Structure formats: C-alpha cells, structure tokens
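Below, each chain spelled out in residue letters.
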Amino acid sequence: MIKLGAQARLKKYVLTQGLCTGCGACAELCPYQVFYHDRTVQLFRCDLADGKCYAFCPRTPTDYQSLKEQLFDHDDLTDEIGPVKGFFLARAADAGVRSRAQHGGTVTALLELAMSEDLVEAALVSGQNKEGEPEGRLVTNKSDLAVYAKSRFTVSPTLAAFNRIKEEGRKKIGIVATPCQAQALAKVRTAAIEGYTGAQSIGLVIGLFCGWTLAAEKFHSLLGEYCLPLEELKRMDIPPGRNVLELCTAEKTLEVPLGEVEACIRSACRYCLDSTGEFADVSVGAGRYGMGEHQMSGWNQVLVRSRRGEELIGLAREKGVLEICDAPDGALDELKKAAVEKKRQGLENIVAKSGSGKNLLYLKNHTQPRDKKAGRVKSVSRQKRQDGDS
Amino acid sequence: MSKLLSPDKSTVLFLGNEAIARGALEAGLAVASGYPGTPSSEVIESLAAVADRRNLYVEWSVNEKVALEVAAAASFSGLRAMAVMKQNGVNVASDFLLHLTASGTRGGLVLVSCEDPGALSSVNEGESRYFARMLEIPLLEPADFQEVKDLTKWAFELSEIIGNVVMLRSVTRMSHASGNVVCAKLPARSRRAKFSYDGPVMDSKTGPMISTPVVAKHLLHQQKLKTVEALFEKSPFNSYTGPARPELLVITSSVCFLYVREALSMLGLRGRVGVLKLATTWPLPDRLLRKHLGRAAKVLVVEEVLPFLEENVKVLAAAMAGKTGIKTFFGKYDGTLPAAGELNPDIVADAIGGIMKVRRKKPPASYLSEIKKAASLIPAREQTFCAGCPHRASFWNIRRAIALDGREGFVCGDIGCYSMAALSPATGYHTMPTLHSMGSGTGLAGGFAKLSAFGLEKPILAVCGDSTFYHAVIPALINAQHNRADITFIVLDNAGTAMTGFQPHPGLTVSALGETVPAVDIAAVCRGIGAKVVIADPFDIDTTTKILTGYLAQKGEVKVLILRQACALSPEKKGKKTFDVRVNEELCLGDACGCNRLCTRVFRCPALTWDKDKKKAVVDEVICAGCGVCVSICPQKAIEKAQAVI
Amino acid sequence: MKKRGLEKTLNLILTGVGGQGNVMASRVLAGMLVDAGYVVTIGETFGMSQRGGSVMSHLRISPDEVKSPQIPAWGADVIVALEPLEALRVLAVYGKPSVSVLSNTRPVYPIGVITGELDYPAPEIIKEKFRMLAASSWMIDATDIGMRLGNPVLSNIVMIGALGATGLVPFDRRMFEKEIKKTLSPDKRLINMKAFDEGAAVIR
C-alpha cells in the first residue's frame, strides 16, 4: 500500500470530510495551498510524504490531552474548560475602546498593552479584504487596533496571514485566535519541524470563546433573503435568552431566528469540542453566563491559562488598562456546564459521522469529562471592583 | 529553385508527399486544396511554393469538406484538381464525398488520403480505404517513391476515364519517407476553365452536376467502375515477383510491399515465397487475382491498418474457389499480423517466418542480454509543450482557476499542440479528461453543461486552437449559445496552425500562396454569436486566472476567453528571447524550500531543469525561449528576468 | 554519377531530440548519396516528435534496390546521435556487434528527468555502454563546437563532418560542399563548412 502524501491525507481526512474549520494553518505555507472564498484550496499536487500543512492542522489526529500537559501547568488543567489559572470579568478601562468593541473591549486593551510594553511587536487580528471577506491582518501600529474590535461570524483564516510572514520579517506577534486556531498554534509550537522557526514568533495567543461560525456562502444567501447587503452590516450579536441573531446596519437592526442561522453553521463546527479557547494564554468571551440567561452587558468573561497570560493580566492591573471584578457566583459553573454540553454534542456528532464509538476521527486518546459537581477553581485572582463593593 | 520543378529525366530525392505533388504537376494540375494534417501537409505546402511558376491555385481551406468542395468546383469546370488530407479529414469530407461520387466529376479529381497507422501523429488509427469501396470509386495505393509519383499522375487520367473521384492512399512511412524519383516532363500549357450545365440531366459532360435522379445515376456510376476493373487487370503498377509455384503467396499493398521484400531478404526466402504487389486495391482485378491465387495454397495478406484487402481477397477467393481451390489465409483475422498498430520489417518477418518455420538470424545471446541491461537504464522521453509555449501558461491559469473554484471543473479538449494536455496529464496539470476530433471539445462541453438537471454540477470548460475554431467549432458554439449551455470557452490563439508546421488559417492576413488576404476575427464571430468575449495574454498569470475564476462562477451564458500569445516556434518568435531568464542561486532554496520543486516537478518546462549536484533549479539557456512566465511561480522569487538585448 | 564502394545496403540511423536539426542532416546526407548514384530511402516521423520527443531518421543506402523506410531490429551499421541518451535508445533496438556509434556529448534532459521522477544515466555509463555494444564509438562535443561557432544548432553539421572523416559512409568534403550549395545561401555556406571541418578534425 503506497502511503498517501501529506497533502493527499489532508484532503482525504479533513477537507473532503467537512472537518476543515478554515483556521488557515495549512494555507500559504507553500504555493500549493491557499484559502479562498471560505475554503482551503489545493492548487497543485504535492507528493511530499510529510508536511507542515498536515502537522499544523487542528483536525488531523491529535492528542490534545498530551498537548495540554506540554504547554500548561498540570495542576491548572480542568476537564471541562482546559487549563485555568484565574477566572473573572473584565472590561477595557478606556471608554473609547469599549464603545467600538463587541462587549468589553478586553482583547483590544490587552493587545494595546502587549504592544506598548514590547511583549509583542505586532498583533495579528482579523480584518477584511476588498471583497469583504475576513482575512488575517498584521497590525504594527497599536493605534490601528481598535478598528478590528468587532466579532466575526464567518471564519477568518488568520493563520494563513501568519504563514505568509517571511522568516526574516518575523517578530514576536500577539495573535487573536479562535479555539481551532489556538489548537493549530499549539501544534505549531510543539511540532518541532526541522528548519522551521516560525513558532518562535508566537508571542502571545489571546483566545476567543466560540460556539460556531457560519459558512460564508450560506450566510450570504441568508442575508440576501433579508435584503441586507453584506457591506451594510455593521455589527452582529446574539442577545441573551431571545433565540435570535441581531443584524445591525447603520440605520436598523434586523432579527433572524436562530433556527435559520443554525442551518448556515459551517459543518466543521459540529465536530468541535472546544468552546473556550483552551490552548490560549488568555481566553476572552462575552460577559454572559447561565446559558445566556444572565448578562453583564459590556463586560467580558476572562480565563487566564498560562504563565504568560498571568504576567499579562498582572501588567494590565498594574497599568490600569482593565477594570476587573469577580465573576458572580455560579458563573464558572455555568461556563463549565455550557462547555461540557458543547463537548458532549461534538462527540456525539463525531461518532455519528465515523459510525463507531471507537473511531473519534481527529481525537487521539480523548477522555470526555464526566458530569460532576464543579469545584472551586484554584488561584482565582480576586480584585475588588472599582466601585468598592466586595 | 524548388526541386518540385526539376527537369525531365532528373533523379531527385523526394519526400513521398513531394512525389505526390510532382506527379500532380506532371498531370497538369490546376487546383489543389487541403487542410493541414500530419502526414499530409507537405503536399499542399510544396505546391504552394511553386504555384506562381506553374500557374496553380493552391488553398488551405478551413476544413477538409470545404477543401474537397473547392477542388470539385475546379473539376466541374474541366480542370484537374486535387484535395489532400489525413485520414480524419476524409471523414470530415465524407458527406460531400458521398454526393460528389454520385454526381460524378469532369476534370480529373484525385482525393489524396495520407494515413497514420500506429497513430504516430494522430489520436486515432482510422482507415479511409473503406470509403472507396462504400462510395464505389477506384482506390490506388503506391508502394514506393517512384510509384507514388507515377500513380498520382495516372490517377488524374483514370478519374477522367470514369468521370469520378479517384482515391490515392498513402501512409506516414510513404508520405514522410524519402527516396529516389526519376522525374518526367512537366506539361507546357494549362487548360481553361469552362463549366457546362445546360445539357440533359443524364449527360455527365454537359448536364447539371447533381446526384439526381439518384437510382439511375447510381447504376451508371457502378457501370463505370466496372470499366476500371478491366484497366486494373493490365495495370503495370500491379506486379508479381517470386517463383512460379511458391510455398506461400503474399498479397500486399502500400509501403508494406517494402517490408515484405525486406523480410524475405532477412529470412532468405526470396526463392520460396511469391509476392503479389497490388497498387489497385479497389476494385480488385478478378482475373489477376485468380491467376496468382492459383499459385499457392497458403496466402498471407500484409496491409495497414484494417484487413480491407484481406476481406476483399477472401470474397473473391470464395467465389472462385471452384477454379483455384480452397486457400488457407493468414493475416489480421487469424492473428498472424497484429490487428492494430503499424507494421515494420520485423513484424512482417515474424509473421512470414512463423508460417514458413524459418527463424530470423539474431545477434549472439550475450549481446542481446547486454542490450537488455542497457535498455533498462533509459528514461522515457515524454512529449511536452515547447519552452515558451503559451499553452503551458494557459493551462497553468486554467488549473489555478479550476482549483480556486472548487467544484472540480474540467476541460473538454480538442486537436492541436494543446492536445498534449490530455495525452500527458501532468503536462496539462490534470485538467483535460476528454479528447476526440476537431471541434468536438466544444460540442461535448455543450452537452455536459446541460446535465446539471441530472446532478452534474461542475463548471464545464472547452478549449480549442485558433485554426480549430474555424474548422469545426463554430456550429458547436452556436449550439451552446442557442441551447443555453453555460460553458467557459477558451480559444488558445497562437497565431497559426502550429502542430502541423505553422500553416496559415483564416485568422491571419496571409494565404497559402503568400498573398495578403482579409482576416476573419474570432472575437467578432463569437460576439456575433452572442457570447460574452474577453481577450487576454496567457503570460499575464494574475489577470488571466482572475478572469477565468470569474467566468467559472458566472452562470447562464457562454463565456469566451481568447488567450492571445504567439507560438514559440512561430516565425515572429523563433530564436528570439523577450527576456533573459536565470535562477538566482542565492535565493533558490532547492529542496529545503518546501515547495516540493514547484518549478521543475509541477510547472514542467523543459528549460527549467534541476541541477542534481547543486540541488537547485537552473535555466538551460540553450532551450529557454525567454518568455519569462516561470518568474511568477517561484515562492522565493528566485527566478529572475531581465529584458533581452536584441 | 559514379557509384562508390557500397556493395550491399548500408543502414544508418540519425537520432536526437526534436528541434536539433535531425531532418536537415538526413536530407544533406541523402542528397549527397543520391548524387553518387545510390538508391536512398529515408524513413522519418515529424510533427509531434518535435515537441521535445525523440526523433530518428533511418537512412537506407543501397546500390540497387528501394529499401523499406524502417530499418529492422539489430540492423543499424552506423548510428549518429545528436544526443547521447537517444544514441543509447537507438542502440538498444537497432544495435548489432559490428555497429559504429558517433554521439554528441551534450544531454537534453527528458521532462521526466527534470521533474526528478526519472534518472538520466551518468556520462561514464553511457560511454561504457557504447564500448560494450558497438565495434567502434566516438564522443564529440558537437554542441560546444556549434556554440563556439555562434549557433548550437550547427551541432548537426559538426556530426556530419565527423561522420565523413570516419570513412564509414561514402561521402567527402567536396560532395558536402556541393550539396549545401543547392539549398543554402552563400553567407550560410561558410559557417557550415567550418562546422563540417571542425567535426572532421575531432576524428583525425
């Protein structure tokens, strides 16, 4: 049996299986693979037996448990939401940043801080190309960051932009990553590929909470049905407890039932088990908990995961760029519950796809968290809220 | 001075096709027409070169059907005319040929079919001899170079005797081979054209040139053919050599006669095997066959490609079995000779040797085993697009657009140098899965594009060359437009009929005779049909890929892209480089690039080679045509170009 | 027209890669021999072969009879190659112990070799095979000589010059000069004679 080359295996086990998340990790490493119109495209046939494309892809067989042990402190690992050094709510101290953000502006504030303190020399965020499609954008001027603050609902192949950066031009970069992108970056850091030095430029990974992303073509069809041109779309949000997606233009807000939106979900998202960005240094989500019933509007939930992340938050407190407060009681439990439900659903979909409980597609040595009462998380940073409440 | 005008009694080395041209000149040819097709093209080319001196009209027609029509008009007017084509062309001309053989002709009209056994330069191994039988016209097959000339000359005379077309059949190993020919006189005066048509309908010399009344004319036609048989009985072009009562009789025609003779020498059997060489292979001269069939009990028929002669001899032999006895036949039917592929002296020697139980002398076994060892070291030499070929760039663009589109689109191919995209998938970057006859790519694409109702949801593309466009594509394009077949149609316009040797076509302002003529603009024709038309330069990779990707996404109309860039071998480009291209050794990372040698392994230009010692890419300046396209493909930008100094 | 020398048919194969001037060389050789009174047959294929494929011209030089345009297996007396791999390819089908081989040294890599899929035999190996399979062989830097004279395509004329000097085929310099006068303009004749002479010099 002739072993298939890396590109062929990527096609066979990921691209043709509806598992491609669009993270961009396999694109622009070489002239053969690009990300185009919401798809990973293989332009020519490569016959190399092994390659970075296969090694970096978060949906090729991976032992995620072992990766966590390698990259994070063992004692911090939780079954439900990955490594946790701390959990709290935060928002940007700067009202200007908050006004342009999706929720609390925490990601922007952290990136601005990392750049001013020279922890990183540039930020890799998601922007848009001329046709309005999301793509990675390298920002070297921190005053340009705020423009990129809103949430995206179709995937940005940000890691393709990471790959595009020439070796000589690499500096330490702070990357805003979806959970699948953070997974890919974890594989980039641990793959140890001879002659490849790209991993050294990963300075910081800020993860985003993510439930799903929308397939571009289907989403654009949906917008067409609502007579909403893509260019006019300024903001999207899922308000808590109402089961709709809000589409906001400059003049009006449209509400689309979530059921219709769910039909547009990118197929790969159904097989994802990570809703909280478990492989980031710091993960940031909406200040929303209890299955979306309660909300701290204008705040973010923050999970600190690594030492680098801890240092960054420490610096944020010191410089006063973030307002930080404890999460309400039960918020962490709610978060864990939601995360576990995502894992359960993801695993169910994987088994339905593979046809066997023994074949978990891309998951190697996977153990599903058992339902248990969530315990207290160790070393949660406590900080009084600025208004003095305890 | 062209050797085609060599004096009477001179001995000249002629290409088989040149000998045909000379024979036609000696017969007083006035008009010659054809369509380029290997192995026939040199007939028209050499006549065009002397057209002025010999007062000829020579034309490269848009296709073989029209070529035959043009020649027929000359014949109707009392002039001697010739239509020249390869075997495929006879199929294209066949509808008219059917009606022409029914209406009859006046001035001698010879249809020359140059065939390609073994498909050395074709994508088929077709045979036209059956047309002669089916359409009831004489068929002549010359066996050596002198005969090619003499038989061609006589064919015109024969045509006038029966008032119908005569088919002369040649093969690659005759047309493209050369040999000594003794020339005869070239006639001094040429005839005047006169077309009479007012006479009675059944009068072939003065009546209208029509095939009706069909049955009456058909009977007349058949009667005339019978008179030919009598001529064939006495023809000096049929000959027998060998013993009076041979152990084996070989009946053969065309260049196979030379193979048979050679084989008999190789086997030392000239004294034991008789050879009946037939130049007049339809209708077969009955009495001649009877005389020679009577010589031996075993008969081997040697011919290319199908068992045409074998079948016809068997029919006669069955009828005369009472007189000549029952024969044992060897040939293609019983597997003595291969059913497909071209013959050569070795194959024929094996066949004869097998029947006669004589083995051919071989070199010593030790030598043969050394040869076998050497043979195992030899890498195949695949055909590919020339360095600087615009087709390479065109297919590079097509491949990229199809991949970006993501729906596994494909290209329906057509005939020309670009056919190599199908013949060698890597050459065309795996984009072209169909290849048939001239113009069929567009027809097929129009068919595929209507199958979305049945679940075939891919973008469909078709390509054709500029010459092919005029030959057969236009009706298919009209069909696609009219039936709303949503195809992306690409014309690979390299300004000439390149594959066959750069003959002109209606897209150019020059004719076969070198005169300035009006060009017929492909873009205008496509727009006239109602399609959307864009013209681009395939060497501009970014623009062309973008146009194509856009086209593939557009539904509901025929989209035409004309990719214009002259052929690397064209007179305007040959030997002249636009750029000096070289690989910057410092920038080329070799295998360490991780691009898996995109430049050499995937792009596949013969001038972009891999230096095994330095392990880097290097441009072979002898082969490089200086087009500069490869500069855009290297991810390290290691291939550099500079304007060439003229 | 006097006949010289040959009592039985001489079989010569001219080979190379499409575009190297194989056809022109075969015409020139044949033309000289027809004038010398021989019955010559050339068997060739062109067209598709030009697109980087192998080309062969089979020359049959007979004192009396029209020979078939294809030489039988193991039937070559002389092989003249404009490219060394093609010399080997022809040798493997048409070689016999008494064959003589003249080969250009410069390789033209098949596309399969360029892409790394196939291997081109090392020059020493090719030379070795010539030694084992031919009675006599010569390696000539014909392309280099051609390039020195200003055009690599002159390599085919260099090879003809070399062939003449071996005496294997009944032609000489005078016959060559007479032949090229038929088709070449005066300005081209000089460089062709130079190429012929340089080829001959390699042998002597």
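Conventions used here
Residues numbered from 1 in each chain as written. Chains lettered and ligands numbered in written order. Predicted model: local features only at pLDDT ≥ 70, side-chain atom pairs only at ≥ 80, totals over all residues. Heavy atoms only, no water. Helix = DSSP H or I, 4+ residues; strand = E, 2+ residues; numbered from the N terminus. Rg over C-alpha atoms; globule rule 2.2 N^0.38 Å. Buried < 20%, exposed > 50% of the residue type's maximum accessible area, 1.4 Å probe, protein only. Contact = heavy atoms within 4.5 Å. Lys, Arg positive; Asp, Glu negative; His and termini not counted. Charge placed at Lys NZ, Arg CZ, Asp CG, Glu CD. Buried area = accessible area lost by both parts, 1.4 Å probe. Salt bridge = Lys/Arg side-chain N within 4 Å of Asp/Glu carboxyl O. Polar contact = N/O pair within 3.5 Å; in protein donor to acceptor, adjacent residues only side chain to side chain. Nonpolar A, V, L, I, M, F, W, Y, C, P; charged D, E, K, R; others polar. Pairing = 2+ DSSP bridges. Patch = residues over 30% accessible without salt bridge, like charges linked within 9 Å, V, L, I, M, F, W, Y side chains within 5 Å. Areas by Shrake-Rupley, 256 points an atom, 1.4 Å probe, with all protein chains shown as cover. Expected span 1.5 Å × (residues − 1). pLDDT = per-residue confidence, 0-100. Axes fitted to C-alpha atoms, helices over the stretch in contact; angles between N-to-C directions.

### Here we look at the overall build of chain B
- Within chain B one finds 21 helices and 24 strands.
- Compactness check: chain B gives a C-alpha radius of gyration of 28 Å against a globular reference of 26 Å for 646 residues, within 12% of the reference.
- Along the first, second and third principal axes, the C-alpha atoms of chain B reach 80 × 75 × 60 Å.
- Classification of the 646 residues of chain B by burial places 60% in the buried group.
- In chain B, 78% of the contacts between residues at least 6 apart in sequence involve partners at least 24 apart.
- One finds the centroid of the 74 positive side-chain charges in chain B at a distance of 4 Å from the centroid of its 61 negative side-chain charges.

### Quick word on the interface of chain C and chain B
- Contact residues are listed per partner, giving 64 residues for chain C and 68 residues for chain B.
- Summing both partners gives a buried area of about 5500 Å² for chain C against chain B, and 61% of it is carried by carbon and sulfur.
- Of the charged contacts, one joins R106(C) and D620(B) as a salt bridge, the two residues approaching to 3.6 Å between their closest N and O atoms.
- At the boundary of chain C and chain B, one finds 19 residue pairs in polar contact (both at pLDDT 80 or more).
- Elements with a minimum of two residues in the side of chain C that touches chain B: α1 (22-35), β2 (39-44), β3 (54-62), α2 (84-94), α3 (111-114) and α4 (123-133) of chain C.
- A breakdown of the residues in the side of chain C that touches chain B according to their chemical character gives 35 nonpolar, 15 polar and 14 charged.
- Note: strand β8 (residues 178-182) of chain B against β2(C), 2 bridges, orientation antiparallel. Bridge pairing in β2(C) links G179(B) to T41(C).

### A word on a nonpolar patch on the surface
- A surface patch of nonpolar side chains, about 210 Å² in accessible area, is lined by V201(B), M202(B) and I210(B).
- On the accessibility criterion, I210(B) (36% relative accessible area) is partly exposed.

### Some points on helix α11 (residues 308-319) of chain B
- In this model, α11(B) (12 residues) spans 17 Å end to end at C-alpha, consistent with the 16 Å of a helix rising 1.5 Å per residue.
- Within the span of α11(B), buried status applies to F308(B), L309(B), E310(B), E311(B), N312(B), V313(B), L316(B) and A317(B).

### Considerations on the confidence of the model for chain C
Residue and element names in this part refer to chain C.
- For chain C, per-residue confidence averages 91 on the pLDDT scale, and 96% of positions sit at 70 or higher.
- No element of chain C has a lower mean pLDDT than α3, at 86, and none a higher one than strand β4 (residues 78-81), at 98.
- With pTM at 0.89, the complex prediction returns an ipTM value of 0.93.

### Looking at the sheet that holds strand β13 (residues 298-302) of chain B
Residues and elements named next belong to chain B.
- Reading across the sheet, the 5 strands line up as β9-β11-β10-β13-β14 and stay open at both edges, with mixed pairing between neighbours. Each edge of the open sheet is held by one strand with a lone partner, namely β9 (239-241) and β14 (328-330). Across this sheet, the average inter-strand angle for adjacent strands is 20°, counted without regard to direction.
- One ladder, built from 3 bridges, connects β9 with strand β11 (residues 273-277); its direction is antiparallel. Within β11, the residue paired with Y240 across the bridge is L276.

### Re the interface of chain B and chain A
- Taken together, the 17 residues of chain B in the interface contact 15 residues of chain A.
- Surface buried jointly by chain B and chain A totals about 1400 Å² across both partners, of which 58% is contributed by carbon and sulfur atoms.
- If you sort the residues of chain B by the area they bury against chain A, R399(B), L404(B) and N596(B) come out on top, with a joint share of 35%.
- Remark: the boundary between chain B and chain A carries 1 salt bridge.
- For the pair chain B and chain A, the number of links is 9 residue pairs in polar contact (both at pLDDT 80 or more).
- For the side of chain B that touches chain A, the secondary-structure elements that each account for two or more residues are α15 (390-405) and α21 (598-602) of chain B.
- Broken down by element, the side of chain B that touches chain A gets its largest block of residues, 6 residues, from α15(B).

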